[in-house]
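Reading the structure
Each chain is listed here by its residues.
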Amino acid sequence: MKRYYFFLIILLIFSSLRAQTPEEFSDFLDEINGDSLRETVADLQNFETRFCLREGGNKEVAEYIVQRLENYGVNAEIDSFFVQDGYFWLSGDFNSWFYNVKGTLAPAQSSDSIVIIGAHADAIATDANYNLLPLCPGADDNASGVAVMIEMARIIHQFNLLPKHHIHFMAYDAEEIGLVGAYHDAEARVNNQEKVVVMLNNDMVSYQPDDDWKLTFHWYDNAQDISQKAVEVCETYTDITPVIPVGEDNDLRQNSDSYAYDQNGFKTVFAIENTFSAYYHTENDSVQWNNAEFHEHVARYNFAMLFNYGFANLQTLSLNDYASSVSVLVYPNPANESATIQLYLPEQTDINTVITDMSGKTVWKYDNKSCAAGIFYIHLDCQNFANGIYFCKIFSNNRNETIKLIINH
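Sequence order sets the numbering: in each chain, residues are counted from 1 along the sequence as written. Local features in a predicted model are, by the rule used here, given only for residues with pLDDT of at least 70; side-chain atom pairs are given and counted only at 80 or more, and totals for whole chains, interfaces and linings are based on all residues. Side-chain calculation: all heavy atoms of the structure are included, whereas hydrogens and water are not.

**Considerations on the packing of helix α3 (residues 34-45) against helix α5 (residues 139-158)**
Stated precisely, the cut-off is as follows: The convention used is that axes are lines fitted to C-alpha atoms, helices contributing only their stretch in contact, and that angles between N-to-C directions extend from 0 to 180 degrees. Helix and strand labels come from DSSP, where a helix needs a run of H or I of at least four residues and a strand needs a run of E of at least two; each type is numbered from the N terminus. When describing relative orientation, an angle under 35 degrees is termed roughly parallel and one over 145 degrees roughly antiparallel, while 65 to 115 degrees is termed roughly perpendicular and anything else oblique. What makes a crossing left-handed is the near helix being turned counterclockwise from the far one by less than a right angle; a clockwise turn instead makes it right-handed. By definition, residues are in contact when any of their heavy atoms lie within 4.5 Å. Under this grouping Gly is polar, as are all residues other than the nonpolar Ala, Val, Leu, Ile, Met, Phe, Trp, Tyr, Cys and Pro and the charged Asp, Glu, Lys and Arg.
Where α3 meets α5, the closest approach of the two axes is 8 Å, and the angle between their N-to-C directions is 130°. Considering their axes alone, α3 and α5 lie oblique with respect to each other. Remark: the crossing between α3 and α5 carries right-handed chirality. Of the residues in α5, those in contact with S36, L37, T40, V41, L44 and Q45 of α3 are A139, A143, S144, V146, A147, V148, I150, E151 and R154. Its residues assigned to classes, the contact of α3 with α5 shows nine nonpolar, four polar and two charged.

Have a look at this one:
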């Protein structure tokens, strides 16, 4: 009876994860909409100011973002926290509440890993003498980044996509006074021993001349593989030219929320417009100066990155070269309590999945007589496996594949 229920669970996993083809992935990208992004930026601009130390703070802004995320099926909440005896050089000492937003989209199967897409929701404006101004639209800095994050939720909801990892949608408060909200969140994740695959940060991503579409990826020492993937994705799925800064040109990486995650040991990449907004930190940073088409392509880059790390490896879902045979990935590898077997099937295929130990003894087996074309995932409970080396074998009607799996509790 236990064996029956185990296989029933596997079948439910198969049925809940509808395969995506390259054509479908292209459809996802094509649904990203510059007008939708612009509307979100305009909504945030209409708060008139999002300076985090104003009277009452940014609670209403956070409530708006929560509602937008919940409209797209994301479980969202305000993470409010109090900072006592703080100091900001433009306004002096403060004791204040701040309001991060955290949205969570659960995976279709068990996973303890998290992919974060985030942006700061607060803004600041000063005059030429660095006096704080009451009008602070903050369209490019950084309603544009928040709009990208919300657009990701909209597309995922529209196509009813189910991730392989938890997706966290983050809007940070108090970035402009020292990355306060990001440090609060990153440190909490360290204390909770969370497994963050990557944090995608967007800060100022909508101001760009029509004839110079470039996006800069500020990189961090522990995540150079992430920045290289960002370049690859940008070149493949957008009309934007990616820029990787070198030397002192990369110092700006310390000035946005991703730096707080880097300082806490998490992998991250920071995307920002290459031509810096002429209206940075002024009362003229309004939506009229945003380049909607460029903004749309920034969102395309983000969706492809989010899909690659949170849904399916883009190497097995290429718009240009879809594999012609069964391919298999196992992750994490080495595995501890659980692992995921990812299968790509180029066509409807009969498959058998077998795991053997070093002696060749079968320790786990699953037969499926017919699987539709596309990408599928099988969750593997490894708790009853002894430490050691195993072989995951996929038998199909046109090819066999074997991959080594290491269990290390």
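**Side note on the nonpolar core**
Selection criterion: In these notes, a set of buried Ala, Val, Leu, Ile, Met, Phe, Trp, Tyr and Cys residues joined through side-chain atoms within 4.5 Å is what counts as a nonpolar core. Whether a residue is buried, partly exposed or exposed follows from its accessible area with a 1.4 Å probe, protein chains only, as a fraction of its type maximum: under 20%, in between, or over 50%, in that order.
In this structure, I65, L69, F169, Y301 and F303 are the most contacted members of the largest nonpolar core, which totals 71 residues. At 11 residues, α5 tops the list of elements feeding residues into this core. F169 has contacts with L69, V74, V101, K102, G103, L105, I117, M149, M152, A153 and I156, leaving out every residue within four places of it along the chain. Formed by 19 residues, the second largest nonpolar core is a distinct cluster that contains A339, I355, L380 and F385.

**Looking at empty space enclosed by the protein**
Which entries qualify depends on this criterion: Buried and open spaces are told apart on a 1 Å grid over the protein atoms alone, a cavity being a set of points where a 1.4 Å probe fits but cannot get out and a pocket being an open set with protein on both sides within 12 Å along at least five of seven lines. Residues with an atom within 4 Å of a point are the lining residues. Grid points are joined across faces, edges and corners, and a volume is the space filled by probe spheres set on the points.
Applying the stated criterion to the full structure yields two cavities of 30 Å³ or more. If you go around the largest cavity, the residues you meet are N58, V61, A62, I65, Y99, V101, A121, D122, A171, Y172 and D173. Contributing elements (two or more residues each) for the lining of the largest cavity: α4 (59-71), β2 (92-105) and β4 (166-172). Class assignment of the residues belonging to the lining of the largest cavity gives a composition of eight nonpolar, one polar and two charged.

**Overview of the environment of H120**
Short version of the rule: We call two N or O atoms a polar contact when they sit within 3.5 Å, provided that within protein one can donate a hydrogen and the other can accept it, with sequence-adjacent residues counted only if both atoms are side-chain atoms.
Considering the arrangement of structural elements, one finds H120 in strand β3 (residues 113-120). Dropping the residues within four chain positions of it, H120 is found in contact with D141, N142, V146, Y172, E175, E176, D203 and D257. One polar contact links H120 to D203, side chain to side chain, over a distance of 3.2 Å.

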